[in-house]
Amino acid sequence: MRIDTFKIEEWMNRYCPSAKYDLTTTCIEPLSIRDLLSICEEESPFEVLDTKLTYGDIHGSQRLKNAIQSLYSTTQNITVTHGAIGANQLVFESLLEKSDDVLSIVPTYQQHYSIPKALGANVKLLFLNEENKWLPNLKELENNLTRRTKLICLNNPNNPTGAVIPDEMLERIVEIAKSNNSWILSDEVYRGLNMYGNPYSKSIADMYEKGISVGSMSKTYSLPGLRVGWVCARKDLINEINKHREYNTISVSILDDYFSALALENRDSIARRNFRIMKEGLGILSDWLNEEIYIKANLPTGGTTTLLRYKKEIPSQTLCRDLQYKTGVALLPGENMEMEGTVRVGFCCGAETLKTGLKLFSKYLRTI
């Protein structure tokens, strides 16, 4: 199977390790095992030492599945995966066939259009724009569906823009999908990080029989190193996913399963810690945007990133390479997300890193 180069991951693998001020990160300062055990005070830190390193429960332990179930308002069919990246791939491989139509709302994670394309699906991109606060235009969404549109892909809250689709708009998207008999894949790895109102948007799996929810421990729970994600969907689709899953996963690490369950059982404590970091980072970003004349942006309403449009005539990859070479500041170029003329910044990387990185970026913009 031929597939396009994963432009985001290739760029980050090449440039982030050497960055002095890494503003590409999409996670909220990751927790250490010691941090996690400290947050979960009732848990004995020695309990895990007696865990035998077997394969564990193939589709995820019941303890972990119960913890994941608590994130949803209706009873879910759940399978545990190797991160959200594994979850998304399994959904596409299990659901799509050649000549299916797929509509992907972009910018988004490249998996949502490159894997369907590689599988032989006909992929159409629906672009978000700043003027609409990076929210989908529902009339355009409806007009871009065909009778063969098997799947609509969205990311909520959105990476890279930080936009949150309001629940009432999600309900309208469900109505549109239902009238066309289309599935919806909602990549919800930032769910729980809404900055206004309820931190948790409605999940598409709670709203629609053909809704597929993908989640992860990486973003909302600051545990990207656990490499645990999940899919919630209709039972027949989960059964098909598990059939494919047996060829590439067997099980996630029994230690990853254990720590993920522990974290989800104590998610309120993790949330208090993470919202402090988010609020501080958002304040720094907001103050900087108020002063920076060469940048246009909508402040994010959720997630950990935002998209900045710069007022300079320079390709985004050239800008990011030159910026890092001269200042040590790493940003992600918009070209890697089909959004030339922009860069993505993560604002939950730590206050001093963010302050210094943005200050150096401002100085750089005045030299080009």
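Residues numbered from 1 in each chain as written. Predicted model: local features only at pLDDT ≥ 70, side-chain atom pairs only at ≥ 80, totals over all residues. Heavy atoms only, no water.

(A) Expanded view of the overall build of the protein. Of the regular secondary structure elements, the protein holds 13 helices and 13 strands. A compact globule built from 368 residues would reach a C-alpha radius of gyration of about 21 Å, and the protein, at 20 Å, matches this within 12%. Taken along its principal axes, the extent of the C-alpha atoms in the protein is 55 × 55 × 40 Å. Evaluated residue by residue, the protein yields a buried proportion of 57% over its 368 residues. Counting only contacts in the protein whose residues sit at least 6 apart along the sequence, the fraction spanning at least 24 positions is 74%. With the model as given, the accessible surface of the protein reaches about 16,400 Å², and the carbon-plus-sulfur share is 49%. Across the protein, the 43 positively charged side chains and the 45 negatively charged ones have centroids separated by 4 Å. (Helix = DSSP H or I, 4+ residues; strand = E, 2+ residues; numbered from the N terminus. Rg over C-alpha atoms; globule rule 2.2 N^0.38 Å. Buried < 20%, exposed > 50% of the residue type's maximum accessible area, 1.4 Å probe, protein only. Contact = heavy atoms within 4.5 Å. Areas by Shrake-Rupley, 256 points an atom, 1.4 Å probe, with all protein chains shown as cover. Lys, Arg positive; Asp, Glu negative; His and termini not counted. Charge placed at Lys NZ, Arg CZ, Asp CG, Glu CD.)

(B) Structural detail: the packing of helix α4 (residues 83-95) against helix α9 (residues 235-245). Axis separation between α4 and α9 bottoms out at 9 Å; the angle between their running directions is 105 degrees. Viewed along their axes, α4 and α9 adopt a mutual orientation that is roughly perpendicular. For the pair α4 and α9, contact is made by Leu-90, Val-91, Glu-93, Ser-94 and Leu-95 and by Leu-237, Glu-240, Ile-241, His-244 and Arg-245, respectively. Its residues placed into classes, the contact of α4 with α9 shows five nonpolar, two polar and three charged. (Axes fitted to C-alpha atoms, helices over the stretch in contact; angles between N-to-C directions. Parallel < 35°, antiparallel > 145°, perpendicular 65-115°, else oblique. Nonpolar A, V, L, I, M, F, W, Y, C, P; charged D, E, K, R; others polar.)

(C) View of the nonpolar core. Counting 86 residues, the largest nonpolar core has Leu-151, Ile-184, Ile-212, Val-231, Leu-331 and Phe-361 as its most contacted members. Those residues in contact with Val-231 that lie beyond four places of it in its chain are Asn-77, Ile-78, Thr-79, Thr-81, Ala-87, Val-91, Ile-212, Ser-213, Val-214, Ile-238 and Ile-241. Of all hydrophobic cores here, the second largest spans 28 residues; its members include Leu-71, Val-252, Tyr-258 and Ala-263. (Core = buried A, V, L, I, M, F, W, Y, C linked by side-chain atoms within 4.5 Å.)

(D) A look at the sheet that holds strand β12 (residues 332-333). On the basis of which strands lie adjacent, the open sheet formed by four strands has the order β9-β10-β13-β12 and antiparallel pairing. Each edge of the open sheet is held by one strand with a lone partner, namely β9 (295-296) and β12. As judged from the two bridges shared by β9 and strand β10 (residues 305-310), these two strands associate in the antiparallel manner. Paired with Lys-296 across the bridge in β10 is Arg-309. Along the sheet, helix α13 (residues 351-365) makes contact with β9, β10 and β13 (342-346), crossing β13 at roughly 160 degrees. (Pairing = 2+ DSSP bridges.)

(E) Quick peek at the side chain of Ser-222. In this fold, Ser-222 is placed in the loop between β7 (211-216) and β8 (228-233). Relative accessible area serves as the criterion here: at 0%, Ser-222 is assigned to the buried category. In this structure the side chain of Ser-222 is engaged in a polar contact, spanning 2.9 Å, whose partner is the side chain of Asn-274. Here Ser-222 is in contact with Ile-28, Glu-29, Pro-30, Leu-31, Met-217, Arg-273 and Asn-274, once residues within four sequence places are set aside. (Polar contact = N/O pair within 3.5 Å; in protein donor to acceptor, adjacent residues only side chain to side chain.)

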